[in-house]
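Single-letter residue listing:
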Amino acid sequence: QMLEQVLRELQPLCTAEQQFIEKFFQLSQDPADPQVLEVSVRTMSSPVPLAKEPTTRLLSEIFSCLEPELRGFLDVCNKVHPFGSLQVLVILSDSIFEMWGSSSALPSSFLNTILGNMLLLAKSSFNKCIGTLCKEIEEAKMPSKMKGGILPSVSRFEEFVNFSEEVFRTARRRGELDKAHLRLAGSVFSSINSLSSANLKVNTDMVMMENFHHIHCFLCQKKIHCLEGKKREAKQRYSEHMEKYVIKYLGQPLEKLNHFFEGVKARVAQGVKEEEVSFQLAYSKQELRKVIEKYPGKEVKRALETLYRKIHKYLSPEENLLPVVWHAMEQEFIHQYQEFEDLIQRCYTESGIAMDFTMEDLLSYFNSITLSN
């Protein structure tokens, strides 16, 4: 508000001074006229190149302290708030546009030049602010007891976007902000990608899934045109990490069965005929029966209940991803079950071997777990 007031008062002050100078020194005529130049040179404290416009030169002498004072004032504005440079940039840009569109704008370039210099300074400060924020986001250390949830770098990005969109809400131009948004989004994605299981107490894919989901929802809500590409990328990354998370955890309830059939698929891929797989010692009918016996229906249901509790414990409640992840788990589990059944039919034909639970049993396990929670 103070900066807006200063700029509002500057233009009429400079205009009035210019009009007085032109009238008093008769400078409104052709500035190349020798008489005009002689008068203007005599009134100045230092020698002036004759090609310089006398009015502008006189105004520069009279308002010699204006630019340094404005620079000092902008420095104060930038220090008052961490994102003060955003407000300074918007106010200066809008003031210059208003001045260009005003009928009372100065015909001389004096104030235009000074405000143009201030705008360059504001852009430089803004770019430094964004650079510092990008570095802060990229180098953000994970909290030592971090168990998941939304990362500090993602929250910082949101804070900046919310504040900047409010500041630029009525701005006439937002080119600088769009560039800043893209830089910061790149830094946030980079900080999420750099996560390693070494500094997390939970599954890395789970944390990445939640954070990319959070960013996607946030960008859907904000509808910022320049970030449409990042919104699509966040959705893609969220889906990828959910798939990895589901697959990584799914091996656990039927781990030995999963391991056995992976071996069967590997043998077939190596060229062993499907009907001959059961003649291999490690993948005989007897070995298959042993593995299947370890997974009676009750045990599978108990394992799924344990898995549900584990997912529920670590997924952050604010993202509400539990129903989505659990449904994906169910779909993947059904796919895995169908694959096991298919391999038994193809490689252990007429053996009479079957798993202890049916597809209907499996669906009822998932349904009862969902309803009881």
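It should be noted that the structure appears before, not after, this text.
Let me begin by describing the structure that accompanies this report. (Residues numbered from 1 in each chain as written. Predicted model: local features only at pLDDT ≥ 70, side-chain atom pairs only at ≥ 80, totals over all residues. Heavy atoms only, no water.)

### Thoughts on the overall build of the protein chain
Point 1. Regarding its fold elements, the protein chain presents 15 helices and zero strands.
Point 2. Per-residue burial over the protein chain gives 45% buried out of 373 residues.
Point 3. Long-range pairs, those at least 24 residues apart, make up 74% of the contacts in the protein chain with a sequence separation of at least 6.
Point 4. For the protein chain, the exposed surface amounts to about 20,600 Å²; the carbon and sulfur share of it is 52%. (Helix = DSSP H or I, 4+ residues; strand = E, 2+ residues; numbered from the N terminus. Buried < 20%, exposed > 50% of the residue type's maximum accessible area, 1.4 Å probe, protein only. Contact = heavy atoms within 4.5 Å. Areas by Shrake-Rupley, 256 points an atom, 1.4 Å probe, with all protein chains shown as cover.)

### So, the pattern of salt bridges
Point 1. For the structure shown, the criterion picks out 19 salt bridges.
Point 2. Between Glu-166 and Arg-169 there is a salt bridge whose closest N-O contact spans 3.1 Å.
Point 3. Residue Glu-166 is classed as partly exposed on the basis of its relative accessible area, which comes to 48%.
Point 4. Of the charged contacts, one joins Arg-346 and Asp-342 as a salt bridge, the two residues approaching to 2.5 Å between their closest N and O atoms. Of this pair, Arg-346 and Asp-342 both sit in helix 14 (residues 322-347), separated by four residues, roughly a single helical turn.
Point 5. A relative accessible area of 33% means that Arg-346 is categorised as partly exposed.
Point 6. One connected set of salt bridges, linked through shared partners, spans Lys-123, Glu-176 and Lys-179. (Salt bridge = Lys/Arg side-chain N within 4 Å of Asp/Glu carboxyl O.)

### Topic: the packing of aromatic side chains
Point 1. Counting across every chain of the model gives 15 aromatic pairs.
Point 2. Centroid distance Phe-83 to Phe-160: 5.1 Å. Interplanar angle 90°. Geometry classified as edge-to-face. Remark: Phe-160 occurs in helix 7 (residues 152-167) and Phe-83 occurs in the loop between helix 4 (66-80) and helix 5 (84-101); sequence separation between them is 77 residues. Across the pair, exposure class does not vary: Phe-83 and Phe-160 are buried alike.
Point 3. Seen from their ring centres, Phe-157 and Phe-218 are 6.4 Å apart, and the 70° between their planes marks the pair as edge-to-face. Separated by 61 residues along the polypeptide, Phe-157 in helix 7 and Phe-218 in helix 9 (residues 204-222) bring together distant segments of the chain.
Point 4. Phe-157 sits in the buried class, given a relative accessible area of 3%. (Phe/Tyr/Trp six-rings, centres within 6.5 Å; stacked < 30°, edge-to-face > 60°.)

### Considerations on the side chain of Asn-78
Point 1. Along the polypeptide, Asn-78 turns up in helix 4.
Point 2. Among the polar contacts made by the side chain of Asn-78, one reaches the main-chain amide nitrogen of Ser-85 at a distance of 3.5 Å. (Polar contact = N/O pair within 3.5 Å; in protein donor to acceptor, adjacent residues only side chain to side chain.)

### Observations concerning the packing of helix 13 (residues 297-314) against helix 14
Point 1. Across the interface, helix 13 lies against helix 14 with an axial gap of 11 Å and an inter-helix angle of 150°. In terms of orientation, helix 13 lies roughly antiparallel with respect to helix 14. Of the two elements, helix 13 crosses helix 14, and the hand of that crossing is right-handed. From helix 13, Val-300, Leu-304, Leu-307, Tyr-308, Ile-311 and His-312 reach across to helix 14, where they touch Leu-322, Val-325, Trp-326, Met-329 and Phe-333.
Point 2. Here the residues of the contact of helix 13 with helix 14 are counted per class, giving ten nonpolar, one polar and no charged. (Axes fitted to C-alpha atoms, helices over the stretch in contact; angles between N-to-C directions. Parallel < 35°, antiparallel > 145°, perpendicular 65-115°, else oblique. Left-handed = near helix turned anticlockwise from the far one by under 90°. Nonpolar A, V, L, I, M, F, W, Y, C, P; charged D, E, K, R; others polar.)

### Comments concerning the packing of helix 4 against helix 6 (residues 110-138)
Point 1. With their axes 11 Å apart at the nearest point, helix 4 and helix 6 run at an angle of 30° to one another. Between helix 4 and helix 6, the crossing angle belongs to the class labelled roughly parallel. Where helix 4 crosses over helix 6, the handedness of that crossing is right-handed. Contacts between helix 4 and helix 6 involve Leu-66, Glu-67, Leu-70, Arg-71, Leu-74 and Asn-78 on the former and, on the latter, Phe-110, Leu-111, Ile-114, Leu-115, Asn-117, Met-118, Leu-121 and Ser-125.
Point 2. In the contact of helix 4 with helix 6, the residues fall into nine nonpolar, three polar and two charged.

### Some thoughts on the side chain of Asp-205
Point 1. Within the secondary structure, Asp-205 sits in helix 9.
Point 2. With relative accessibility at 10%, the residue Asp-205 sits in the buried group.
Point 3. For Asp-205, the side chain forms a polar contact with the side chain of His-241, separated by 2.9 Å.
Point 4. A distance of 3.5 Å separates polar atoms of two side chains, one belonging to Asp-205 and the other to Lys-248.
Point 5. Setting aside its immediate chain neighbours within four residues, Asp-205 contacts His-241, Lys-244, Tyr-245 and Lys-248.

### Notes on helix 9
Point 1. With 19 residues, helix 9 should cover 27 Å at 1.5 Å per step; its first-to-last C-alpha distance of 27 Å lies within 8% of that length.
Point 2. Across the 19 residues of helix 9, 15 count as buried, placing the element largely inside the fold.
Point 3. For helix 9, the N-terminal cap is Asn-203; the gap from its side-chain oxygen to the backbone nitrogen of Asp-205 is 2.8 Å.
Point 4. With its phi angle positive at about 55°, Lys-223 sits one or two positions after the end of helix 9. (Expected span 1.5 Å × (residues − 1).)

### Observations concerning the environment of Gln-11
Point 1. Along the chain, Gln-11 turns up in helix 1 (residues 2-24).
Point 2. Take Gln-11: its relative accessible area is 15%, and that puts it in the buried class.
Point 3. Along the primary structure Gln-11 and Leu-111 are separated by 100 residues, whereas in three dimensions their C-alpha atoms are 7.5 Å apart.

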